[in-house]
Amino acid sequence: MTTKDTADATPEQTPLRHDSSVRKLLVADFEALIGIDHVKHRGLRRTFDVLTQAGFLSVVVFRLAHAAHLRGWFPVARLLLLTGVVLFSAEIYPQAQIGPGLIVAHPMGIAIGAGVVMGNNVKVFKNVSVGTVGFKDPDRDGFPVIGSNCTLFDGAKLFGPITLGDGCRVGANALLMRSIPAGSTVVVPQAELLGD
């Protein structure tokens, strides 16, 4: 994004700045994931379990791809993106700006677009899609900006130039194409049981 683009962007669409090293980001991601389970004792076995989870490894691949993209190593970033898709079925574009403490509980079917901006400590579950709407009109199209401490549950779909305030929760299979204020929870109605 150029200086002009940043100046013209609305405050909620101005990219977050995460100047931390890849190592610091990965440590924050690891700490967030290991801190999810308050019951299990934090020992060598628990550490090994977290380090070998598909979700954590998909985050490692994304962080490396993002670092390569920032350095202008675009072919390397692309290969790492493809590695994430093949190994974990997680398509998290290297251009996405995601703060520290990212938790990907189950990476299968995750798609996070190139222009997405996420804050700190965001939790993402399986089959989540975050991206553009597909309109040709640039005023109606764009990428979501997701605040810190948000949770996107299984099958959540977020599209377009929308903003989620801090602490929002998007329930399973919810389709969201409008902005919501901080602390909001969005769910879809449960399926009805029809008689014979």
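Residues numbered from 1 in each chain as written. Predicted model: local features only at pLDDT ≥ 70, side-chain atom pairs only at ≥ 80, totals over all residues. Heavy atoms only, no water.

*Asks:* Quick rundown of the sheet that holds strand S3 (residues 103–104)? Include the residues and the values.
*Replies:* The five strands are arranged S3-S6-S9-S12-S14 in an open sheet whose pairing can be described as parallel. Two strands in the sheet have a free side with no partner beyond their single neighbour: S3 and strand S14 (185–186). Summarising the sheet, strand S9 (residues 151–152) and strand S12 (residues 169–170) pair through two bridges and their orientation is parallel. Directly across from Leu152, in S12, lies its bridge partner Val170. (Pairing = 2+ DSSP bridges. Helix = DSSP H or I, 4+ residues; strand = E, 2+ residues; numbered from the N terminus.)

*Asks:* Tell me about helix H4 (residues 54–70), and please be specific about residues and values.
*Replies:* Between its first and last C-alpha, H4 extends 24 Å over 17 residues, near the 24 Å set by a 1.5 Å rise per residue. Extensive coverage of H4 is indicated by the burial of twelve of its 17 residues. Residues Gly55, Phe56, Ser58, Val59, Val60, Val61, Phe62, Arg63, Ala65, His66, Ala67 and Ala68 constitute the buried set of H4. For H4, the secondary structure elements touched by its buried residues are helix H2 (22–34), helix H3 (44–51), helix H5 (74–88), strand S1 (90–92), strand S2 (97–98) and S3. Directly beyond the C-terminal end of H4, a positive phi value near 85° is found at Gly72. (Expected span 1.5 Å × (residues − 1). Buried < 20%, exposed > 50% of the residue type's maximum accessible area, 1.4 Å probe, protein only. Contact = heavy atoms within 4.5 Å.)

*Asks:* Talk me through empty space enclosed by the protein; I want residue IDs and the actual numbers.
*Replies:* Taken as a whole and assessed by the stated rule, the structure comprises one cavity of 30 Å³ or more. By volume, the largest cavity is sized at about 60 Å³. Lining the largest cavity, in full, are Ser58, Val61, Phe62, Ala65, Leu80, Leu81, Gly84, Phe88, Ala90 and Ile92. Those elements that place two or more of their residues in the lining of the largest cavity are H4, H5 and S1. (1 Å grid on protein atoms, 1.4 Å probe; cavity = no way out; pocket = protein on both sides within 12 Å on 5 of 7 lines; lining within 4 Å. Points joined across faces, edges and corners; volume = space filled by probe spheres on them.)

*Asks:* Pulling in residues and values, what's your account of the nonpolar core?
*Replies:* Counting residues in each nonpolar core, the largest one holds 33 residues, and the members touching the most others are Met118, Ile146, Leu152, Leu158 and Leu164. Here this core takes four residues from H4, the largest share from any one element. Setting aside anything within four residues of it in sequence, one finds Leu152 in contact with Met118, Lys123, Val124, Phe125, Val128, Val130, Ile146, Leu158, Leu164 and Val170. Formed by nine residues, the second largest nonpolar core is a distinct cluster that contains Phe30, Ala32, Leu33 and Val60. (Core = buried A, V, L, I, M, F, W, Y, C linked by side-chain atoms within 4.5 Å.)

*Asks:* Please set out H5 residue by residue, giving values where relevant.
*Replies:* In a regular helix each residue adds 1.5 Å, so 15 residues correspond to 21 Å; H5 covers 21 Å between its end C-alpha atoms and thus fits that length. Buried within H5 are the following residues: Ala77, Leu80, Leu81, Gly84 and Phe88. In an axial view of H5, the angular spread of the buried residues amounts to 105°, which keeps them on one side of the axis. Turned more than 90 degrees from where H5 packs its buried face, Pro75, Leu79 and Val86 sit exposed. Of the surrounding secondary structure, the elements contacted by the buried residues of H5 are H4 and S1. (Arc of directions from axis to C-beta.)

*Asks:* Any chance you could break down the pattern of salt bridges for me, citing the residues and the numbers?
*Replies:* Opposite charge on two side chains lets them pair, provided their charged atoms get close. Enumeration over the complete set of coordinates arrives at two salt bridges. For Arg63, the salt bridge is made with Asp29, and the minimal N-O distance between the two is 2.8 Å. Of the two residues, Arg63 is situated in helix H4 and Asp29 in helix H2; the sequence distance between them amounts to 34 residues. Judged by its relative accessible area of 2%, Arg63 is buried. (Salt bridge = Lys/Arg side-chain N within 4 Å of Asp/Glu carboxyl O.)

So far we have only geometry, and geometry alone does not tell us how the molecule works.
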